[in-house]
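Examination of the molecular architecture
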Amino acid sequence: MPQKGVRTWKTKIVGLTDLSPCRYRPQSLISQSKRDRHLIKTIVVEGNIGVGKTTLLKYLEHFENITVIPEPVHKWTNLDGNNLLDLMYSNPRRWSFVFQSYVQLTMLQVHECQVGTKLKVQERSIHSAIQVFAEHLLKSGKLAKVEMAVLQAWYQYIVEHHQVEIDAIIYLRADPHECYTRILKREGQQTNIPEKYVVELHNIYDAWAQRKQHEVPVFIINANKSQLNVQLDMYFKFSDLLIQ
């Protein structure tokens, strides 16, 4: 049941309609109709590891009215000479909290980055960092409940006091086994990302994309298709935004 005093609206996901409470940005509800989509200023591209986010973002860089901001992986892999990403994968019980804490900081910096174009497209968000990736670490026993509580406390403070609003989510969705095949092609058999991890992330991402707390439209693109077809799908669905 919606909370008292909280506005509600229809969140449309391809094939899904959900009545959701607005928690973060009730003054800026975004309709999926092209008539209102000119209001969209910040889009986040979400999806599993190996789903094709980087390729899509490189395609979007060709549009003059868009600024693309990728995940700050370069920061995660070199903090005073320390590769936090590798540390997290090699010993997640020891390093997950440290890594996720730094992810929240660096994703906050991405959200607050000012751009000179009409549209800002960023790879993932501070919201999925806590609600997908940290949630998975908690469920898999790699993050203690008290550590998750600290991350959530920081997240709530950030949401309330910083500019981390988004206007739309593009969720690239693909079969997790297909994602893992792409990871192996990209990184080789020596990858430190287990297939089980990719499958579990897929399930949490799907639930997150349908969760009632979304205050923005969520557009799902079938990323099982070729990169070219994903780009064409993106263009035909959002041409009004891409070439405005």
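As shown above, the structure is provided for reference.
Report on the accompanying structure. (Residues numbered from 1 in each chain as written. Predicted model: local features only at pLDDT ≥ 70, side-chain atom pairs only at ≥ 80, totals over all residues. Heavy atoms only, no water.)

1. Things to note about helix 7 (residues 176-187)
Helical geometry note: an α-helix holds 3.6 residues per turn, so side chains three or four residues apart project in the same direction. Between its terminal C-alpha atoms helix 7 stretches 16 Å, which fits the 16 Å expected from 12 residues at 1.5 Å a residue. For helix 7, the set of buried residues is Pro 176, Cys 179, Tyr 180 and Ile 183. Viewed end-on, helix 7 has its buried residues packed into an arc of 95°, placing them on one side of the element. Buried-residue contacts for helix 7 involve helix 8 (195-210). N-cap assignment for helix 7: the residue whose side-chain oxygen lies 2.8 Å from the backbone N of His 177 is Asp 175. (Helix = DSSP H or I, 4+ residues; strand = E, 2+ residues; numbered from the N terminus. Expected span 1.5 Å × (residues − 1). Buried < 20%, exposed > 50% of the residue type's maximum accessible area, 1.4 Å probe, protein only. Arc of directions from axis to C-beta. Contact = heavy atoms within 4.5 Å. Polar contact = N/O pair within 3.5 Å; in protein donor to acceptor, adjacent residues only side chain to side chain.)

2. Concerning the packing of aromatic side chains
Applying the stated criterion across every chain, the model contains 10 aromatic pairs. Look at Trp 154 and Tyr 157: their rings are 6.2 Å apart centre to centre, the planes differ by 85°, and that puts the pair in the edge-to-face class. Taken together, the residues Trp 154 and Tyr 157, both in helix 6 (residues 145-161) and 3 residues apart, mark about one turn of the helix. On the accessibility criterion, Tyr 157 (41% relative accessible area) is partly exposed. Here the aromatic rings of Tyr 171 and Tyr 205 are separated by 5.6 Å at their centres, their planes lie at 25°, and the arrangement is stacked. Taken together, the residues Tyr 171 in strand 6 (residues 168-173) and Tyr 205 in helix 8 connect sequence positions 34 residues apart. In terms of burial, Tyr 171 and Tyr 205 fall into one category: buried. An aromatic cluster is defined as three or more aromatic residues linked by ring pairs; in this entry it consists of Tyr 59, Phe 63, Tyr 235 and Phe 236. Above the ring of Trp 95, the side-chain terminus of Arg 94 is found at 3.9 Å from the ring centroid. (Phe/Tyr/Trp six-rings, centres within 6.5 Å; stacked < 30°, edge-to-face > 60°. Lys NZ or Arg CZ within 6 Å of the ring centre and 35° of its normal.)

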